[in-house]
Amino acid sequence: MLMNNSFRALRYFRRDAPRIAVMALLLGASIITNLLKPWPLAIIVDAVLGTKPLPGWFGAGLNAWPKSRLLILLSVATLILHLSQGFLSAATNYLSIKVGLQGLRRVRNEVFGRMEKLSMKFYHGSKTGDLIYRATWDTYSFQTLFQQGLITFFTALLTLILMVVVMCQINVSLTLASLATAPLLVISVKYFGKKMRERGAEAQQADSQVTSFIQQTIHALPLIQSYTSEQDEERKFKSQTAEAQQKRLSQHAWELLYWLAIAVAFSIGTAAIVWLGSVQVINHKLTVGELLVFTAYLAQLYEPLNQLSHVGATVANASAGTQRVFEILDTKEEIIDSPNARAIAGSNSTTRSTSPDNSLQLTGSVQFDHVSFGYEKDQTVLSDINFALEAGQSLAIIGPSGVGKTTLLNLLPRFFDPIQGAVRLDGVDTRDLKLADLRSHIAVVPQEPILLPLTIAENIAYGKPGASLEEIRDAARAANADSFIQKLAQGYNTVVGEGAAPLSVGERQRLNLARAFLKDAQILLLDEPTSALDAESEASVIASVEQLMRKRTTLIVAHRLSTIQRVDKILVLQDGKVTQIGTPEALIAQQGYFADSSRAHR
Ligand SMILES: Nc1ncnc2c1ncn2[C@@H]1O[C@H](COP(=O)(O)OP(=O)(O)OP(=O)(O)O)[C@@H](O)[C@H]1O
């Protein structure tokens, strides 16, 4: 599983293969220059300051050079090696970060695209905070896997191998002595690394609780202030920050112990090499310059060893993150086009379609044919719903709170599909129509008004991009919104949303209505569209709604009977079933929910 996830995650970097190849070349060059770095000093010590001949590969001619000239040459070599290693390492890091970020961008885009397509059912079962975390933070594991997993692993491995090869060339026994402390290092990295990770996870959890607490408090501030419970909340918050502090401190303490353990292993190693190496120098088995190279390598040997011991844990952690992202990417889209889905004439897809002959000329009649539905397997919300509406007719759905009125509306644009039965448009099962076409012929005014962080004009024109300002204003006038929009300093250019223009629920509701008016779809779904409006605004909006309803098939959920005086039919939903259906006049004459609630409202 771990490896599968890792390999699958690395596929997001395949498109950068040419850049990765360049990076590999630069990386190789960087490692080699790094290995060469201590050599000029070693030669200076042995052949310039000391009396040893220059190494054979220098050529006989250079042995005749005055020492001062050799010193300049070797100093320049030191400069070039240090500079080129610095530049090569910077270039490699830049490329590695760039490719890492490209992968991160790709996976984030894919996650967003998938999240947009998943059904409302999925979101009901998932916590929004968790999904946001997965889309923004867990996606970083892809970058981690590439940079700290793949690249670090190969860099460390290659550095280690080359270093050991060069060290063996100089002195095998001293090389073995240098590596003797490696197990100590690996054990301490494993032990302390585990502790660090555990404490790190606890600290992260505590921090995320602090964040949630702040978020919840801001949300519940009106409640907290009205009950004057600020002190209580502050006390709870202080205990949470204290816990977060304690957890972070514990993580840092383990981190310090970890570095201490590495320092101990390094000190033992260095002391052993200084002693053993010096003995070898005294016995003429090693030159002073070579001993210097050894100690320089030893200081660097721990870095790749350290990285290699970490790589497993890094990959495991990142792989857990990618797993959480793949869970979103692998969630099956429940609502999709059937293979032979029919287009609807006049939709965007039909204009693009090559064979529009099969397309449906929608008039707008709606049939619910023995429809049953539940969000969970063993729970039925709607049971055997049966009714038909002719094109242009209007239907009001009434019933107690939580009975399933919104659910019934949501079946038409296929936010969900029925478990049994079928929802039909002009006699065609909605599952056999192209989803985009179906939705483009339906305008929805949801119960909770939804506005995006765009201007008011853009919000109204969301269903009809490119609409003229005059069209937008007409729609706003019909929704009784024009007058309040005009009063805003920026008018139709006012940006709404968090931190922007504060709008009342009633004003938001009117903007949602204006959006539906402008979309001018054949089927109109209104879910308590005027619940937050005062009597005067409601009367004027209802007049517009009624005008709009005249030409369109409309399903309207309403609590207030004033909203539904002029509908063609009323459907009463009780316990998930249709208990009454008929004209308002017929229902008022019958005993039942409608007559009872009409009396109660009078
Ligand atoms: N996405 C969902 N996932 C799971 N259950 C849901 C979902 N949406 C609604 N429900 C449940 O289905 C039932 C019907 O809800 P629905 O919103 O359709 O009722 P309603 O009649 O419109 O209520 P109200 O009049 O209060 O708006 C309720 O018990 C609700 O908790």
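The name an unreviewed UniProt entry assigns to the protein is ABC transporter related-protein, from the organism Pedosphaera parvula.

When helices and strands are counted, the protein shows 23 helices and 10 strands. Over its C-alpha trace the protein gives a radius of gyration of 36 Å, far above what one expects of a compact globule, namely 25 Å for 602 residues. When its C-alpha atoms are laid out on the principal axes, the protein stretches across 120 × 65 × 55 Å. The buried share of the protein, reckoned over its 602 residues, is 31%. Across the protein, every contact between residues at least 6 apart in sequence was considered, and the portion connecting residues at least 24 apart equals 76%.

This part is about the environment of Leu525. Topologically, Leu525 is positioned in strand β7 (residues 523–527). With near-sequence residues (within four places) excluded, Leu525 lies in contact with Leu409, Leu412, Ile442, Val444 and Leu555.

Quick look at the pairing of strand β9 (residues 569–574) now. The buried count for β9 comes to five of six residues, which makes it a mostly enclosed element. Strand direction decides the pairing type here: strand β3 (residues 394–398) and β9, joined by four bridges, are parallel. Bridging across to β9, Ile397 finds its partner in Leu571. Relative to strand β10 (residues 577–582), β9 is paired through five bridges, and the arrangement is antiparallel.

So, on to the pairing of β3. Within β3, five of the five residues are buried, which leaves it mostly tucked inside the rest of the structure. Of the two faces of β3, the one lined by Ser394, Ala396 and Ile398 and the one lined by Leu395 and Ile397 are each fully buried.

What follows covers helix α21 (residues 535–551). One turn of the α-helix equals 3.6 residues, which is why residues spaced by three or four share an orientation. Taking 1.5 Å of rise per residue, 17 residues should cover 24 Å, and α21 covers 25 Å from first to last C-alpha, within 8% of that figure. Among the residues of α21, those classed as buried are Ser537, Glu538, Val541, Ile542, Val545, Leu548 and Met549. Projected down its long axis, α21 carries its buried residues within an arc of 125 degrees, all on one side. Structural note: α21 exposes Glu536, Gln547 and Arg550 on the side pointing more than 90 degrees away from its buried face. Turning to α21, the residues buried within the fold contact β3, α20 (505–519), β7 and β8 (553–557).

What follows is about the environment of Phe416. For Phe416, the position within the fold is in the loop between α15 (405–411) and β4 (420–425). Once the C-alpha coordinates of Phe416 and Ile273 are considered, the two residues, 143 residues apart in sequence, prove to be 72 Å apart. Setting aside its immediate chain neighbours within four residues, Phe416 contacts Ser119, Met120, Lys121, Phe373, Asn410 and Leu411.

With that out of the way, let us pick up the site of the ligand. The local shell around the ligand holds 13 residues, among which His124, Tyr375, Lys405, Thr406 and Thr407 are the closest. Elements with a contribution of two residues or more to the shell around the ligand: α6 (120–125) and α15. Its residues placed into classes, the shell around the ligand shows four nonpolar, seven polar and two charged.

This part covers the packing of helix α10 (residues 182–219) against helix α12 (residues 230–282). Contact pair α10 / α12: the axes reach a minimum separation of 8 Å and the direction vectors enclose 165 degrees. Classified by the interaxial angle, the pair formed by α10 and α12 is roughly antiparallel. Like other packed secondary-structure pairs, α10 and α12 cross with a definite hand, here left-handed.

We now examine the packing of α10 against helix α13 (residues 288–329). For the pair α10 and α13, the least separation of the axes is 10 Å and the interaxial angle reads 45 degrees. In terms of axis orientation, α10 runs oblique to α13. The element α10 and its partner α13 pack so that their crossing is right-handed. Listed contacts from α13 to Ala182, Leu185, Val186, Val189, Lys190, Gly193 and Arg197 of α10 are Tyr302, Leu305, Asn306, Ser309, His310 and Ala313. Split by residue class, the contact of α10 with α13 holds seven nonpolar, four polar and two charged.

This next bit is on the domain arrangement of the protein. Structurally, the protein comprises domain 1 (1–170 + 315–332), domain 2 (172–285) and domain 3 (449–520). If you average the C-alpha positions of domain 1 and of domain 2, the two centres end up 24 Å apart.

This part takes up α20. In a regular helix each residue adds 1.5 Å, so 15 residues correspond to 21 Å; α20 covers 21 Å between its end C-alpha atoms and thus fits that length. Most of α20 sits out of view: 12 of its 15 residues are buried. For α20, the complete set of buried residues consists of Glu507, Gln509, Arg510, Leu511, Asn512, Leu513, Ala514, Arg515, Ala516, Phe517, Leu518 and Lys519. Buried positions along α20 lie against β6 (442–445), α17 (456–460), α18 (469–478), α19 (482–487), β7 and α21. Positioned one or two residues after α20, Asp520 has a phi angle of 55 degrees, which is positive.

Phi is mostly negative for residues that are not glycine, and the peptide bonds are mostly trans. Even without being a glycine, Thr228 presents a positive backbone phi close to 40 degrees. Here Thr228 lies in the loop between α11 (221–226) and α12. Take Thr228: there are 8 C-beta atoms within 10 Å of it, and that puts it in the exposed class.

Taken in spatial order, the four strands make up an open sheet running β2-β1-β4-β5, and their pairing is antiparallel. The sheet is open, and its two borders are formed by β2 (382–389) and β5 (428–429), each paired with just one other strand. Direction of pairing for β4 relative to β5: antiparallel, over a ladder of two bridges. Looking at β5, one finds that Leu425 is bridged to Val428.

Procedures and definitions
- Residues numbered from 1 in each chain as written.
- Predicted model: local features only at pLDDT ≥ 70, side-chain atom pairs only at ≥ 80, totals over all residues.
- Helix = DSSP H or I, 4+ residues; strand = E, 2+ residues; numbered from the N terminus.
- Rg over C-alpha atoms; globule rule 2.2 N^0.38 Å.
- Buried ≥ 20, exposed ≤ 12 C-beta atoms within 10 Å, placed from the backbone.
- Contact = placed C-beta atoms within 7 Å.
- Pairing = 2+ DSSP bridges.
- Expected span 1.5 Å × (residues − 1).
- Arc of directions from axis to C-beta.
- Near = placed C-beta within 6 Å.
- Nonpolar A, V, L, I, M, F, W, Y, C, P; charged D, E, K, R; others polar.
- Axes fitted to C-alpha atoms, helices over the stretch in contact; angles between N-to-C directions.
- Parallel < 35°, antiparallel > 145°, perpendicular 65-115°, else oblique.
- Left-handed = near helix turned anticlockwise from the far one by under 90°.
- Domains from an automatic or database assignment.

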